[in-house]
Amino acid sequence: MLALLLTGLASVAMVGGLASYGLGKKVDIIRRQSAAEHFYSAVSDYLRPYGSWQAANQTEPFDHYMQRIRPAPEHRLPPPDEGIAGREYLPAAPPGFEHARRGAPPDALRDRRGPPPPRSDGDTPYHFILADQDFSVLLGAGVYRPGEPLPEAARRDARAVEVNGKVAAYISPEGVLTPSREEQQYLDAMYDALWAGVSGAALLALALGVLLSRGLSRQLRHLIAAVRAIQQGTLRQNVPVEGRDEVAMLARAFNEMSAELAQSHEALQASHRTISSQAEQLRELSVRDALTGLHNRRYFDEQAASLYRHAVRYQRPFSMVIADIDFFKRINDQLTHATGDAVLRAVGEIFRTHMRESDLVARYGGEEFVMAFPETSLAQAAVLCDKLRELIVEHPWQQVHSQLAVTISIGVAADLQAGSAEAMLQQADAQLYRAKQDGRNRVCSLAA
């Protein structure tokens, strides 16, 4: 914002300076050209009747001629008896004519009574150098002596004065044209008006810069705050749009980008949730039995092995159980497979409902179920299994089929010295076989 303000003020200052310089330069050129034209006309008129400077100067000195054609009220000509040809006078001619006679010999042109009075306005005049057709100085303007050759540099700017088709003299400018008092007042008035306009333009630029910078900085602050909010995770941002400039276009584009980004993020999150849910479902399907909803054999083997290693490492009680529905093949054959499936679902529901969260139960295959009881001794596991057996016997199976009755045989093992969870399960399977041999619908266990 500061750079914008400084640039505006610098531009105003540069324009004001160039305008001021150009105004002075243009006025100086115009006055220089006007003075040169007046002097050229005066010299031409002076030389035309005589044809040459020598003839004209012998008849009437040039400064007397200038005084005659433009008499100055403040500098009167002396009477003829005072030697008019040998004195220097200040003619009141057009600008630039005043000191053309300064190249005359000092002794020949100096008034015995002293130099003529200075101009009342104190201005330093513009000088013109006059040379003959051979570039020998006639009037040196205080820079060159009469008869001195005019240098090449001055010759390039010299203007020929032609009389009757022949070059009678050359005029060359020298010095700076100083404006008169009236001209200076006019220039001062123009400069005052110019600088008043520059000052007004500077104030206007300053005011506009402040207003624009405040509006721009306000919108930029909104954008910065919105960007920081996005960095912190709040993607949907809406900054105010003011006007139709580039910053407003940027704010509008930012709002659209923010909305699209938020929508994309929300869609991505929804997709991620869907994928996570589907992955969880697939994982559950991969570790659960579709019919009973219990875990399957693969999951049980992995988790039981981990529970066994933990029990062995910390010498904690751990029991393994295998159960088998009695005469399940008879149920399928006599009461249909649909009835058998209903029995499997009901048994699985009883097991799941009456297990602790830390216990592990799974359908091992067919009508077999396996269980793992961490932090459970053999006696505790046998009591729990007997309770499950009674629940299965007492279940209202007639609601499934009028001729249906279901019992279950269970084998329990708790020997951590077996060497693995699989070995313990084989011990429990041996106890299951013993329960079958002893008449079914019972729990058999093997202590360590």
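For the structure itself, look to the data block above.
Here the structure is a predicted model, which is why all the values come from computation and not from measurement.

S.K.: Which parts of the structure should I look at to understand the pattern of salt bridges?
M.R.: Any two side chains of opposite charge can pair, given that their charged atoms come close. Tallied over the full model, the rule gives 14 salt bridges. Of the charged contacts, one joins Asp45 and Arg48 as a salt bridge, the two residues approaching to 2.8 Å between their closest N and O atoms. By relative accessible area, Arg48 is classed as partly exposed at 44%. Ionic contacts of the salt-bridge type, sharing partners, join the residues Asp324, Asp326 and Lys436 into one network.

S.K.: What exactly am I supposed to notice about the environment of Arg352 here?
M.R.: Examined against the element boundaries, Arg352 turns out to sit in helix H10 (residues 337-353). Overall, the relative accessible area of 35% leaves Arg352 in the partly exposed class. In this structure, the C-alpha to C-alpha distance between Arg352 and Ala362, residues ten residues apart in sequence, is 9.2 Å. Setting aside chain neighbours within four positions, we find Arg352 in contact with Thr292, Gly293 and Leu294.

S.K.: Mind showing me how you'd approach a nonpolar patch on the surface here?
M.R.: Taken together, the side chains of Leu2, Leu6, Leu9, Leu206 and Val210 define a hydrophobic patch exposed on the protein surface, amounting to about 410 Å² of accessible area. Contributing elements (two or more residues each) for the nonpolar patch: helix H1 (2-47) and helix H6 (181-231). Top contributing element to the nonpolar patch by residue count: H1, with three residues. Position of Leu6 relative to the elements: it lies in helix H1.

S.K.: Would you mind showing me how to read the packing of aromatic side chains here?
M.R.: Centre distance and the angle of the planes are the two values used to describe a pair of aromatic rings. All told, the structure shown has nine aromatic pairs when counted by the stated rule. Ring centres of Tyr46 and Trp53 lie 5.5 Å apart, and the angle between their planes is 65 degrees; this geometry places the pair in the edge-to-face category. Summarising the burial analysis for this pair, Tyr46 and Trp53 share the class buried. With a centroid separation of 5.8 Å and an interplanar angle of 50 degrees, the aromatic rings of Trp53 and Phe62 are classed as tilted. Taken individually, Trp53 and Phe62 each receive the classification buried, so the pair is uniform in this respect. Cluster of aromatic residues (ring-pair linked, three or more members): Phe39, Tyr46, Trp53, Phe62 and Tyr65. The cationic tip of Arg159 hangs over the ring face of Tyr40; the distance from NZ or CZ to the ring centre is 3.8 Å.

S.K.: Whenever I open this one, helix H11 (residues 378-394) confuses me. Can you help?
M.R.: Because the α-helix completes a turn every 3.6 residues, residues three or four places apart line up on one side. In a regular helix each residue adds 1.5 Å, so 17 residues correspond to 24 Å; H11 covers 24 Å between its end C-alpha atoms and thus fits that length. Those residues of H11 lying buried are Leu378, Ala381, Ala382, Leu384, Cys385, Leu388, Arg389 and Ile392. Buried positions in H11, seen along its axis, are confined to an arc of 165 degrees and lie on one side of it. Among the exposed residues of H11, those oriented more than 90 degrees off its buried face are Ala379, Val383 and Glu394. Where the residues of H11 are buried, they touch strand S5 (318-325), H10, strand S7 (368-374), strand S8 (408-413) and strand S9 (443-446).

S.K.: It is not clear to me how the sheet that holds S8 should be interpreted in this structure. Could you clarify?
M.R.: Hydrogen bonds between backbone groups are what pair the strands of a sheet, and the pairing can be parallel or antiparallel. The five strands are arranged S6-S7-S5-S8-S9 in an open sheet whose pairing can be described as mixed. Taken across any chain shown, the strands that pair with only one partner, and hence form the sheet edges, are strand S6 (360-365) and S9. Direction aside, the axes of adjacent strands within the sheet are offset by 20 degrees on average. Note: S5 against S7, seven bridges, orientation antiparallel. Along S7, the bridge assignment pairs Ala323 with Phe369. Packing against the sheet, helix H8 (residues 297-314) makes contact with S5, S6 and S7, and its axis sits at approximately 135 degrees to S6.

S.K.: What am I meant to see in the packing of helix H9 (residues 328-335) against H10 here?
M.R.: Think of two packed helices as two axes; the pair is described by the angle between the axes and how far apart they sit. In contact at an axis separation of 6 Å, H9 and H10 are set at 140 degrees when each is read in the N-to-C sense. What the angle tells us is that H9 and H10 run oblique. Touching Phe328, Ile331, Asn332 and Leu335 of H9 are His337, Thr339, Gly340, Val343 and Leu344, all from H10. Residues of the contact of H9 with H10, tallied by class, amount to five nonpolar, four polar and no charged.

S.K.: What's the story with the pairing of S8 in this structure? I'm lost.
M.R.: Here is the key point about a regular strand: its side chains alternate between the two faces of the sheet. Summarising burial for S8: six of the six residues are buried, a large majority. Alternating positions in S8 separate into two faces, Ile408, Ile410 and Val412 on one and Ser409, Gly411 and Ala413 on the other, with burial throughout. When S5 meets S8, the two strands line up antiparallel, connected through six bridges. Within the sheet, the bridge partner assigned to Val321 lies in S8 and is Val412.

Parameters and conventions
Residues numbered from 1 in each chain as written. Predicted model: local features only at pLDDT ≥ 70, side-chain atom pairs only at ≥ 80, totals over all residues. Heavy atoms only, no water. Salt bridge = Lys/Arg side-chain N within 4 Å of Asp/Glu carboxyl O. Buried < 20%, exposed > 50% of the residue type's maximum accessible area, 1.4 Å probe, protein only. Helix = DSSP H or I, 4+ residues; strand = E, 2+ residues; numbered from the N terminus. Contact = heavy atoms within 4.5 Å. Patch = residues over 30% accessible without salt bridge, like charges linked within 9 Å, V, L, I, M, F, W, Y side chains within 5 Å. Areas by Shrake-Rupley, 256 points an atom, 1.4 Å probe, with all protein chains shown as cover. Phe/Tyr/Trp six-rings, centres within 6.5 Å; stacked < 30°, edge-to-face > 60°. Lys NZ or Arg CZ within 6 Å of the ring centre and 35° of its normal. Expected span 1.5 Å × (residues − 1). Arc of directions from axis to C-beta. Pairing = 2+ DSSP bridges. Axes fitted to C-alpha atoms, helices over the stretch in contact; angles between N-to-C directions. Parallel < 35°, antiparallel > 145°, perpendicular 65-115°, else oblique. Nonpolar A, V, L, I, M, F, W, Y, C, P; charged D, E, K, R; others polar.

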